[in-house]
Every structure is written in C-alpha cells, then in structure tokens.
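Below are the chains, spelled out letter by letter.
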Amino acid sequence: MRAALLQMTSSDDPGENLITVKAMLAEAAAGGAEFVLTPEVTNCVSTSRRHQQAVLHHEEDDPTLAALQIAAAKHGVWLLLGSLAVKTHDSDGRFANRQFLISPQGEITARYDKIHMFDVDVTPEETYRESDGYRPGDRAVLAETSFGRVGMSICYDVRFGHLHRALAKAGADILTVPAAFSHVTGAAHWYTLLRARAIETGCYILAPAQTGKHSACVGGCRQTYGHSLVVAPWGEVLSDAGIDPGVSYVDLDVKKVSEARRRIPALTHDRKFDEPDGRK
Ligand SMILES: O=C(O)CNC(=O)[C@H](CS)NC(=O)CCC(=O)C(=O)O
C-alpha cells in the first residue's frame, strides 16, 4: 500500500490552501498513492481568533471539506485530512481541531477532535493557549480502511502515549500524527516521540507536517518544524520529508505490524499496579 504525505506551509487563507492541497493530492494520486494524508490545520494556520471567525465554517458547510470529498472520489484515494479548523455550535465560540477520514467514494467515514490542547510556554516569547480557541475532544477514534485500522491522533497528542497504546490495543495498525509542531520542540523531541510511539505500539506512524514560516500571523510569525515522518512498527524511520513543502511517498506492508509485535509482545504484557505512594 502506497501512502503519500503532503507537507505544507498553510497560510491563514482557506481558499488558497485548498488550491494547494488539490494540486498536491492530484500529484500524489498520479504517483500511485492509495492513502493521502495532510497536516494539522490544513485549511488555516492563524493566530487570530477574529480572523478565524471570519474565514472558518461549520463542518456541514465547510467548502474545503466538500471540495476534498469530491477530489478524493475523483482520484479514488483514501484521504486523511490531518485536521481542519472548524466552527462548533458551542456558545463560547470555540473551534474544533478535527481530523477527517474520507473514503475513495468521497464519504466521511471517521472524525476525531484533538484531545490534548497545547497550552504551553515554549519560551517566554513563544507561548500557546490552544484551548482558548479550540474545544478539546474526549473520544479516541479507530477507523476501518481497506488496508488496515487507523488510530487517530493530532500533534501534541503524541506526548500522551497512553492514547496511542489504547488505540493499538483496540486494533490499530497505523497511527496518524499530523502536526504543526513548533520549531523549537520539534528539533528537540519530534523524532524521539514518533519513534517511541511506533516501538511501544508496533504500529506504523504516519506524521504529515506543517513546515516553515506561516504568513499573516498576528503577534509574530509562526514557524513549524516540517520533517513529515513515516516510522515502521519496529521503529525505523522510512521517510523524512525535510523542510520543503511537497509530497513524500512510502510503501507500507501491514504484515510488519504483526511481525514487530511477535518479536516484542509488550502490548499484551500490561499489568495492573498500585499507584506510587503519596498519589491517591
Ligand atoms: O493553532 C493552530 O493553528 C493549530 N494547532 C496547533 O498548531 C497546535 C496548537 S498551537 N500545535 C501543537 O499542538 C504543537 C505541539 C508541539 O509543538 C509540541 O508538542 O511540542
């Protein structure tokens, strides 16, 4: 099974980003991909909630989602939208950071709202309060495809290994970790976290990423780490897209999942234990 990861530098203009994804998707399909994946917030990287209010939509009338359902069907590929920022019907006006799986018939077969919010001071100058703008999800999602089961996560979720363990124990063969990783934390942690999640779970990891300097950011330009990564179930890095936008390909063999788990059956070795003293 050939997968293609689309590495992007999304702007804060969903219309412009849609044109980019459609072109990359056509290229990936022509390159033989059956499964195409896009990064976190494919449709809009913005630091302004006011701007997001003006340009984002609810899922049911999001023009990016509708156009990409048609495009997936036209090319006959499975399409994982790493995430789209979409409006919710919550009274506090927060958005959802939502991942979609679209079938080769153009139907949405799964959706996942990012659970863990990046409320972090990376440096005194670089701070994030994702939960100000986004409503976190509270449900892990495993999706069926013709090539295996896909466990969904997004970006900062990668630091919460128990989520990926739960997905693997529920039957995931492939874990998705689309990202808009910060440049600083990416350089320090990106490879190690993704390889650890692969090794712990015996899953393939597919991590399409945002890269470079994103335009039109209020309060400083956002810079993301890039290096869209594919890791095999045994932990080898199969593909690293570097820092330029573009399409990278990898051929997956889902048999490698059971092979890795046969060699190290740690997923079946969980034991119950008492919490450490002092933490009831
Ligand atoms: O705000 C948006 O536009 C979309 N969301 C993101 O880009 C999110 C929250 S700011 N980024 C991350 O989770 C980076 C995690 C990270 O860098 C780490 O775990 O080190």
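The coordinates are above.
Here the residue numbering is sequential within each chain, running from 1 through the sequence in written order. In view of the model being predicted, local features appear only for residues whose pLDDT reaches at least 70, and side-chain atom pairs are presented and counted only at 80 or more, with totals across whole chains, interfaces and linings using the full set of residues. Excluding hydrogens and water, the side-chain values take into account all heavy atoms of the structure.

Undergrad: Please explain the overall build of the protein chain as it appears in this structure.
TA: Per the secondary structure count, the protein chain includes seven helices and 16 strands. The atom set for the radius of gyration is the C-alpha atoms, and the globule formula is 2.2 Å times the number of residues raised to the power 0.38. A compact globule built from 280 residues would reach a C-alpha radius of gyration of about 19 Å, and the protein chain, at 18 Å, matches this within 12%. C-alpha extents for the protein chain along the principal axes are approximately 50 × 50 × 35 Å. Here the protein chain, with 280 residues, has 54% of them falling under the buried criterion. Long-range pairs, those at least 24 residues apart, make up 70% of the contacts in the protein chain between residues at least 6 apart in sequence. To measure how exposed things are, a 1.4 Å probe is used in the Shrake-Rupley method; for residues, cover is taken only from the protein chains shown. Counting every atom, the protein chain has about 12,500 Å² of accessible surface; 52% of that belongs to carbon and sulfur. In summary, the charge assignment counts Lys and Arg as positive and Asp and Glu as negative, without counting His or the chain termini. Charge positions are represented by NZ for Lys, CZ for Arg, CG for Asp and CD for Glu. The distance from the centre of the 30 positive side-chain charges to the centre of the 35 negative ones in the protein chain is 5 Å. In this text, helices come from DSSP runs of H or I with a minimum length of four residues, and strands from runs of E with a minimum of two, each type numbered from the N-terminal end. Per-residue accessibility, obtained with a 1.4 Å probe over protein chains only, is compared with the maximum for each type, and a residue is labelled buried under 20%, exposed over 50%, and partly exposed between these values. Should any heavy atoms of two residues lie within 4.5 Å, those residues are considered in contact.

Undergrad: Would you take a moment to explain the sheet that holds strand S9 (residues 148–152) for this structure?
TA: Think of a sheet as strands paired side by side through backbone hydrogen bonds, with each pair either parallel or antiparallel. In this analysis, strands are considered paired if DSSP registers two or more bridges between them. Spatially, six strands are ordered S8-S9-S10-S11-S14-S15 in an open sheet, and the strand pairing comes out mixed. Among the strands making up the open sheet, the edge pair consists of strand S8 (142–145) and strand S15 (237–240). Across this sheet, the average inter-strand angle for adjacent strands is 20 degrees, counted without regard to direction. Judged from the three bridges that link them, S9 and strand S10 (residues 174–176) form a sheet pairing that is parallel. Of the residues in S10, the one forming a bridge with Val150 is Ile174. The angle between two axes is taken between their N-to-C directions and runs from 0 to 180 degrees, where each axis is a line fitted to C-alpha atoms and a helix contributes only its stretch in contact.

Undergrad: Just checking my understanding: could you explain the side chain of Glu59 for this structure?
TA: Here Glu59 is to be found in the loop between helix H2 (49–55) and helix H3 (63–75). On the basis of relative accessibility, which here comes to 15%, the residue Glu59 falls in the buried class. Polar contacts involving the side chain of Glu59 include one to the side chain of Arg98, which spans 2.9 Å. Here a polar contact is recorded for every N or O atom pair within 3.5 Å, except that within protein the pair must consist of a potential hydrogen donor and a potential acceptor, and residues adjacent in sequence are included only if both atoms are side-chain atoms. At 2.5 Å, the side chain of Glu59 forms a polar contact with the side chain of Arg111. Those residues in contact with Glu59 that sit more than four places away from it in its chain are Leu65, Val86, Lys87, Arg98, Phe100, Ile108 and Arg111.

Undergrad: Honestly, the site of the ligand in this entry has me stumped. Any pointers?
TA: Taken together, the neighbourhood of the ligand is formed by 16 residues, with Lys114, Arg159, Ser182, Thr185 and Arg222 sitting nearest. Take Glu40: an N or O atom from its side chain is 3.2 Å from a nitrogen atom of the ligand. Between an oxygen atom of the ligand and a side-chain N or O atom of Lys114, the distance comes to 2.8 Å. If the ligand stood free it would expose 490 Å²; the protein chains cover 96% of that surface. Considered class by class, the residues forming the shell around the ligand number eight nonpolar, three polar and five charged. By convention in this text, a residue qualifies as near a molecule or strand provided that one of its non-hydrogen atoms is within 4 Å of it. All residues other than Ala, Val, Leu, Ile, Met, Phe, Trp, Tyr, Cys, Pro, Asp, Glu, Lys and Arg, Gly among them, are scored as polar; the first ten of these are nonpolar and the last four charged.

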